[in-house]
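Residue strings, one per chain:
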Amino acid sequence: MFEADDWLRGIYEVSKALTAPARLEVTLANVANTLPSFVQMRHGAIFVLDSEGEPEIAASAGSGPSGTHPIIPKAAIDQIVATGTQLVIADLSTSELFQAELQTRPGVSSLPMAFIGVPVKAEDRILGTLSIVRDSAHGSRYDEDICFLTMVANLVGRTIRLHRGLTRDRERRVDESWTAENSSDEDRTDPVPHAPVKMDGIIGESPALKQVLETVSIVARTNSTVLLRGESGTGKEFFAQAIHRLSRRRRKSFVKLNCAALSESVLESELFGHEKGAFTGAISQRAGRFELANGGTLLLDEIGEISPAFQAKLLRVLQEGELERVGGTKTLQVDVRLICATNRDLESAVVSGEFRADLYYRINVVPIILPPLRERPGDIPRLANAFLERFNKENHLELAFAPSALEFISQCYFPGNVRELENCVQRTATLARSRTIAPSDFACNNNQCLSWLLWKRADHSHSGNTGNQRFRSNIMPAGLPMPAGRFGAPQDNVRPHTADPANDPALPAIGPRLTERDRLIGAMEKVGWVQAKAARVLGVTPRQVGYALRRHGIEVKKF
């Protein structure tokens, strides 16, 4: 017999599961796993139907004899949906609806079991079913079970309706933000380039960045696989999101996964999904990232880090558009636009056998190389101001850069690219002594910048092992000419350059103990005191060279 406290506690636990922040399929699985604590059952299932009346989401809990559980026949689901009322079968062995199931499970048919199913409704619309299978020996009256399951089903129905409403609102907002210019571009089939549109989260006006944005706006109109390449911190995820927002798939999901953060077994489950009981801890069926991104876009970040064994499994999905969940036998079709990202030198990885050549050709359809920050120094003040504005908003402050501070930060090398710039701005704003940030507030002006030490060690660790090097632009000099963080700093604050001139023909033959001023003079003398040529030798911009000459008081010789 149900006591009033049991009912209240059961509804409370179900409500907690329904209001927890999670995907709908996870929420329903949690509800199904809550039911055994409040109702006698061997097996329970929640089915959510799509617009065609077919099961779209299935969540189950419990098991039958010897770890098995009877599959709820579709005929039973159809009858509940068609009648809009509960379905009670006191003995499954006498029901035609379960005959096919019982014949394939002889161990199940030997036990007297009952079935109780109720419709899942929201505003008189049937969205699915909630059902349990229990022992008939627990009694022939099911009124209390039906009443409790009906209350749970009503709560589940409201939750499903809320999730679908939020999804529609999100799609509507995306659709409304789609400009008339972009809509007309979507209908075009000619490959004529056009001016790149403004993309949220991507800041800059440099020629290198504009060229990438133009490529992105063209590529987005197709379903071609894209490989985003660039150094760490160049914003590969932002560009992947921009491709999705500008594509025909924008109304569907954008799903991302960092391949380097997971082991091979976990990665397979995350990408392909798994069936209940496929491994320890798999308490319910779970859709993988490919299924979640069906009709939309999937970003596989750090694609170069996956093992050769898993590369073969991934290749099959990319070639056939088919997959099987871990522990399952059903083949699923998926329609996914794939975007991969890496900072590895994949070509060297293919040569060394670390990366499959056939997978390389499959993902390297449209490569887009993202420019490092040193190739777009004019964007540094814009990015710095944007990061500071975000910092002010999050911390309720009103800090601002002095013009000299923006000039100072524009001379920094930032080997960590935009990510390092953001960290630099946040660190400087946190420790700033006044509302106006001055050059003296920056760590590199106080001999406290650790970036130089990090990249100095990284550069040495890569020497003699080029096959495993991270992807670098060919403009980047091997010796990191500005490891101290900025070019043109006072001589007292300059750290020695540690590149080996014998191994770097682009650098002047100078000793590693020489100061930045000596290196600058050496480069200028080597190229006949032409600033543009000296900038190419040192791997910086002519503007940075001019700034350094003025800071060090070096008079330019004229011939």
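Structure: above.
Calculation rules
- Residues numbered from 1 in each chain as written.
- Predicted model: local features only at pLDDT ≥ 70, side-chain atom pairs only at ≥ 80, totals over all residues.
- Heavy atoms only, no water.
- Helix = DSSP H or I, 4+ residues; strand = E, 2+ residues; numbered from the N terminus.
- Expected span 1.5 Å × (residues − 1).
- Buried < 20%, exposed > 50% of the residue type's maximum accessible area, 1.4 Å probe, protein only.
- Arc of directions from axis to C-beta.
- Contact = heavy atoms within 4.5 Å.
- Phe/Tyr/Trp six-rings, centres within 6.5 Å; stacked < 30°, edge-to-face > 60°.

Now for helix α12 (residues 308–320). Compared with the 18 Å implied by 1.5 Å per residue over 13 residues, the 19 Å span of α12 between its first and last C-alpha is a close match. Every buried residue of α12 is listed here: Phe310, Gln311, Leu314, Leu315, Val317 and Leu318. Projected down its long axis, α12 shows its buried positions confined to an angular sector of 165°, all on one face. Where α12 is buried, its residues contact α10 (264–272), α11 (289–292), β10 (297–301), β11 (322–324), β13 (337–342) and α14 (357–363). Remark: glycine 321 follows α12 within two positions and exhibits a positive phi of approximately 70°.

This next bit is on the packing of aromatic side chains. Evaluation of the coordinates by the stated rule reveals seven aromatic pairs. Consider the rings of phenylalanine 272 and phenylalanine 310, whose centres lie 5.8 Å apart with planes at 25°: the pair is stacked. Here the residue phenylalanine 272 occupies a position in helix α10, and phenylalanine 310 occupies one in helix α12, the gap between them amounting to 38 residues. We classify phenylalanine 272 as buried; its relative accessible area is 4%. Their ring planes at 25° and their centres at 5.4 Å tell us that phenylalanine 408 and phenylalanine 442 sit as a pair that is stacked. On the criterion of sequence distance, the pair formed by phenylalanine 408 in helix α16 (residues 403–409) and phenylalanine 442 in the loop between β16 (436–437) and α18 (451–462) is long-range, its members being 34 residues apart. The buried category is assigned to phenylalanine 442, whose relative accessible area is 1%.

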